[in-house]
Amino acid sequence: MDEKLKYVGARLPLHDAAAKVIGRIRYTGDLGFPGMLHAKLVFSPFPHARIARLDISRALAVPGVVAVFSHLNTPSIAYNSQVWFAGQETVEDERLFSSTVRYVGDRVAAVVAQTLVAAEVAAKLVDVEYELLPAVIAAQDAASFAEKQLQVGDVEVGFSMSRLIVEDVVETPKIHHAAMENHVCIAVPDPNGKITVYAPCQIIVSVRLIVAKVLGLALNKVRIVQAAVGGSFGGKQEVILEPLCAYMAKVTDRPVKVELDRAASITSTRTRTRTIGKVRTGVDEKGHIMAREVDLLVDTGAYTSNGIVISMAMGKKLFRLYRIPNQSYRARIVRTNTTVAGACRGYGSPQIHAVTEINLDHVARKLDMDPVELRLKNLVHPHDCDLTGGPSLGNVGIIECLRLGAAEFNWTAKRALEKGTGRFRRGSGMACAVHGNGYFGSPYPDFTSMTLRMLEDGGLLLTAGLHELGCGTITTMRQIIAEVMEVDPETIEAPDGDTQTSPFDSGCQASRTTFVCGACAMKAAESLKALLRQEASIILNCNPDQVLIKDGEVWSGIGTGQHYPYAAMACLIQQKNERELIVTETYKSQANPGSYGANFVEVEVDTFTGMVRVTEVVAVYDLGKAINPMLVEGQIHGAVQMGIGMAICEEITFDPATGRAKQEGFAKYHLINAPDMPPVKVLLIEKGEEHGPFGAKSIGEVAIVPTAAAVVNAINHALDTNLTVLPLTPERVLAGLHPAQFSGVAK
Amino acid sequence: MNCFKIAGPRTIAEALAFAAEAGDNAIYISGGTDWLVNGAKKVAGGLLIDLTQVEELTYIEERADHLVMGAGVTFSRIATNPLVWEKARCLAQAAAQIGSTQIRNRATIGGNVANAAPAADGVPPLMALDAEVLAIKGEIRRWVPMGEAVSDLCGGLMPGTLFAAFRVPLLLNSVSAFVKLGSRSTVSVAKLNLAARIQTTEDGRSRNVRLAMGAAAANAFRVTAVEKLWEGRSCEEALAEELAGGLVTQVDRLLAGRASLPYKREAIRGLAYDLVLDIGRAVEDGGRGNGRKA
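Residues numbered from 1 in each chain as written. Chains lettered and ligands numbered in written order. Predicted model: local features only at pLDDT ≥ 70, side-chain atom pairs only at ≥ 80, totals over all residues. Heavy atoms only, no water.

1. Topic: the overall build of chain A
Filter applied, for reference: Secondary structure follows DSSP: runs of H or I at least 4 residues long count as helices, runs of E at least 2 residues long count as strands, and numbering of each begins at the N terminus. It is over C-alpha atoms that the radius of gyration is taken, and the globule rule equals 2.2 Å times the number of residues to the power 0.38. Should any heavy atoms of two residues lie within 4.5 Å, those residues are considered in contact. Using a 1.4 Å probe, the Shrake-Rupley method yields the accessible areas, and only the shown protein chains count as cover for residues.
Helices and strands together make up the secondary structure of chain A, namely 18 helices and 26 strands. Relative to the compact-globule value of 27 Å for 747 residues, chain A shows a C-alpha radius of gyration of 27 Å, a close match. Each of the three principal axes of chain A carries a C-alpha extent, and together these read 85 × 70 × 45 Å. The long-range share in chain A, meaning contacts at least 24 apart out of those at least 6 apart in sequence, stands at 81%. Of the roughly 26,400 Å² of accessible surface on chain A, a fraction of 52% belongs to carbon and sulfur atoms.

Dropping the structure here:
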């Protein structure tokens, strides 16, 4: 079927790449509205405190200040920032403002002024008296408020049949998403009581739901317009600034813009969830996994956020990568007085895989077995069942990933290389991963609706709740529709979502966009094609099944030779049939296969300074079918960059005494930059997935999942260590090599 | 609100006149890469004297026995200037590793020394090279040794002193090197940095050794105890190990009780090895890299 595909599989650039590159795209920060006010937030300097007194008189006296908002004059309606459908069960513990602040960076007040400078000046003049309360900074010191468990078989029986049991405790840190665009939104009130919010977000219906709840408005009085997104990676998935911004716009009856700086984006929005995972794996003498037990401590930060949901998501991944007859998972979720955790690329998957894949390499060392061989003995096969009763794993390609990647990387030869005995040591490591494709099989509904129409000039217009985060959602939808409709993707317009006009969509989350939205786009295109055939048959005086549609033209199949370009036919249908070529389709997801991947990594470690250099990465993914291989490769290159960061340098840590983040900007929070990026070789396994559009599965999230574990495994291989606290900063590497000298310092 | 005036002199004389008028409320800036990030508040009510238009501060020249450069020379220029690579190699190496390309395009050697951050990469090379800075305040103009210039920042030199130029004495058969440890290979504030200059004798031994270390104390400083270990030695691995030992002692003393001590006392060994290796490379290069050939 592949040879026939014309647009699916094509390497087309992002639809807005040119506009982005030449600086013509208008991000929310670039937008302005007549009379727009600027808001500046005041954040708590303490990790836990009661606001004893809040005096806004000095702030209000600053010329240009319009209003100051705090817990004293805003609704105390509790909400949860990650709710995206009505009736979703959750813990609601966040408010616009609260009289008790729960972390350094919690919202205390907001000053709204005619200019940003006035707002900034006045924000410093909001006088607050805090009554300090005891704070819990370390997750280990917190009591859990919720638990999630999953179990298959009987782990005790499994362990009793094991020849070897290997236990590890693996820690992953809070991580900043580091999108280039900080958090920002604009709310614009209209005279009829409607509020329009321009938000670079991931789920417009989620923003609508929470804004409407907090403001006490009907859903149709809240309009969320998906703005151009300057990067999200999950950081803009939860609803953070929008309810407050909308409320301030409503009260002041003026457009209001809120824009955070980098420090606030790091400390006052969301982070990757910190996890501490205790894992025990039992194997027989041949390396078959007999039992595994994972006990996870999940630090969701100061508010519940997605702590419970992500804990379930992490647990499910454990049962979909290896054939493990006896396995138990328990997550204890705790709140701490630190920055709130939330969605972050992979939604817990990079963390849970770091826990298990680092442990699995430890098992391999203890067995004196090659890590690839150990994995090949245990990996899942196509159409395996999920032993917990979840959806089928689908057309799994992880074994192909492993074999292809090992060959390309020259794994056996590289592992046999001398590691060196001097200052610099070399090592190689690898890791496997699985991630999902939407919500099918979970408690959450997974459907989407789209309207597709053909205009009088033959062009197509897709109206859908799309969220272009920079991953190529819009280009992907255009390629899918183009393939079905046999037209150039350039003739298809597929704008970002707008709750006032777009049908419902569950949002750009859960790796569902290509798999679910793409399938809906395909269904809508097929439906439009059928409608075109039906209406054309009236014009052509034949039966619908005698109408031929080919290369953007409609032919009569009864030998008259009559044929019309789409444009002409669309006009005729308008004029003669008085009919619009418009369809609306709802697609309900029917499967949730795994997307799989394996990374092979070579590192060089400086044993004097602890510096790690990743020198080569081979990244192989089973994604069914690449709708656009160029965008897929872009996703993978970026994911590897984030994964290496997670392995060796990215972390937000908190001073145990003050609760302050130690990394409040990019001077201290280091990402892997271009000079430190290794060459990344991307290989794709494309063997098609039944329910995916043209066989496609997700890639954007699974891409990051194996990388961190593979890097850590390579470092442990190089040093003959078992380092398990991420990231492996130079300090932690040296502490691992000289534990006595570092006792109690760089944990 | 933070209101202040900005002066844009075209000559050193104009700059000094502005400074004299504003008295203690004057602050000189050049590229502004430190001041804009950290210091913008310090000038409230005062006068900011922007030196970026003063052409007299932007030369790099060889004059008699010195390499002389204006304080307004950017690190990008230093890092790409053949004369600096030839005569003051360690300074060129440091310049090439400061911040990002964008920072190097703005930041100047004068600003780096005047700001005198503990980790300032420009300072150890200048110290190792026995450089002097031309400090001007009012009628007083004098060439100040680097050690004094940096330490005096806390004392009398600032505020109101203009650093106008740096001069590096050119020595026969001398080489120099700079090495740095950050938390990644580029765009990183130094956790430790080292610069050294030696003269080599005919039989390949080191003499007249200068070794300066940054990021381990409030200011970079010359590590004279370790310089002594180096005197008379050739640049080989055994020397690296001894220097490492000497530097560890220094780090232990300077950072006693600090959380960063266990890491830095190990990591300084890596820098000692890098430094000896790189100096050795420069020696093999035929003495190119600092001063004049015999």
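On we go.
2. Notes on the pattern of salt bridges
Residues and elements named next belong to chain A. Defined as follows: In what follows, salt bridge is the name for a side-chain nitrogen of Lys or Arg lying within 4 Å of a carboxyl oxygen of Asp or Glu. Relative accessibility thresholds used throughout: buried, under 20% of the residue-type maximum; exposed, over 50%; partly exposed, between the two (1.4 Å probe, protein chains only).
Applying the stated criterion to the full structure yields 59 salt bridges over all chains. Its salt-bridge partner being arginine 270, residue glutamate 238 comes within 2.9 Å of it at the nearest N-O pair. In this pair, glutamate 238 sits in the loop between strand 11 (222-226) and helix 6 (242-252) while arginine 270 sits in the loop between helix 7 (262-267) and strand 13 (274-283), placing the two residues 32 residues apart along the sequence. Each of the two residues, glutamate 238 as well as arginine 270, counts as buried. When the shortest N-O distance is used, the salt bridge between lysine 625 and glutamate 686 registers 4.0 Å. One end of the pair, lysine 625, is in the loop between strand 25 (612-622) and helix 16 (629-648); the other, glutamate 686, is in the loop between strand 26 (680-685) and helix 17 (707-719), and 61 residues separate them in sequence. With relative accessibility at 10%, the residue lysine 625 sits in the buried group.

3. Examining the pairing of strand 5 (residues 66-70) of chain B
Residue and element names in this part refer to chain B. What counts here: Note on pairing: two strands pair once DSSP finds at least 2 bridges between them.
Taking burial as the measure, the five residues of strand 5 include four buried ones, the bulk of the element. Pairing geometry for strand 4 (residues 60-63) and strand 5, over four bridges, is antiparallel. Its bridge partner being in strand 5, arginine 63 is matched across the sheet by histidine 66. Linking strand 4 back to strand 5 in an antiparallel pair, the connection comprises two residues, with alanine 64 at a positive phi of about 50 degrees. As judged from the five bridges shared by strand 5 and strand 8 (residues 162-169), these two strands associate in the antiparallel manner. Its bridge partner being in strand 8, leucine 67 is matched across the sheet by valine 168.

4. So, the domain arrangement of chain A
Interface extent is often summarised as the accessible area lost during association of the parts. Residue and element names in this part refer to chain A. Where we set the bar: Just so you know, the domain bounds were taken from an automatic or database domain assignment. Buried area adds together the accessible area that both of two parts lose upon being put together, with accessible area traced by a 1.4 Å probe.
Along its sequence, chain A is organised into domain 1 (17-23 + 441-588), domain 2 (31-135 + 183-259) and domain 3 (271-437 + 591-737). At the interface, 18 residues of domain 1 touch 19 residues of domain 2. Between domain 1 and domain 2, a total of about 1,700 Å² is buried, with carbon and sulfur atoms accounting for 55% of that surface. Considering only the side of domain 1, the residues that lose the most area to domain 2 are Leu469, Thr499 and Gln509, jointly responsible for 34% of the buried surface there.

5. So, helix 10 (residues 371-378) of chain A
Residues and elements named next belong to chain A. Here is the rule: Note that the arc is computed from the directions linking the helix axis to the C-beta atoms. Under the rule applied, a polar contact is a pair of N or O atoms within 3.5 Å (in protein, one hydrogen donor and one hydrogen acceptor; residues adjacent in sequence only if both atoms are side-chain atoms).
Those residues of helix 10 that fall on the buried side of the exposure criterion are Pro371, Val372, Leu374, Arg375 and Asn378. Here the buried residues of helix 10 occupy an arc of 160 degrees about the axis, which is enough to place them on one side. Where helix 10 begins, the capping side chain belongs to aspartate 370, and its oxygen is found 2.6 Å from the backbone nitrogen of valine 372.

6. With respect to the packing of helix 13 (residues 473-485) of chain A against helix 14 (residues 513-540) of chain A
Residues and elements named next belong to chain A. Heads up, the rule is: Axis geometry follows a simple rule: fit a line to the C-alpha atoms, using only the stretch in contact for helices, then measure angles between N-to-C directions, giving values from 0 to 180 degrees. Should the near helix be turned anticlockwise from the far one by less than a right angle, the crossing is termed left-handed; should it be turned clockwise, right-handed. Ten residues, namely Ala, Val, Leu, Ile, Met, Phe, Trp, Tyr, Cys and Pro, are considered nonpolar, four, namely Asp, Glu, Lys and Arg, are considered charged, and the remaining ones, Gly among them, are considered polar.
Close contact between helix 13 and helix 14 brings their axes to 9 Å; oriented N to C, the two are set at 35 degrees. Here the hand of the crossing between helix 13 and helix 14 comes out right-handed. For the pair helix 13 and helix 14, contact is made by Thr473, Thr476, Met477, Ile480, Ile481, Val484 and Met485 and by Thr513, Thr514, Cys517, Gly518, Ala521, Met522, Ala525, Glu526, Leu528, Lys529 and Leu532, respectively. Among the residues making up the contact of helix 13 with helix 14, the classes are represented as eleven nonpolar, five polar and two charged.

7. A word on the sheet that holds strand 2 (residues 49-55) of chain A
Residues and elements named next belong to chain A. Strand order in the open sheet formed by three strands is 4-2-6, and the pairing between neighbours is antiparallel. The outermost strands of the open sheet, each flanked by one partner alone, are strand 4 (100-101) and strand 6 (127-132). Two strands pair when backbone bridges link them, and strand 2 and strand 4 are joined in this way by two bridges, in the antiparallel orientation. Paired with arginine 50 across the bridge in strand 4 is threonine 100.

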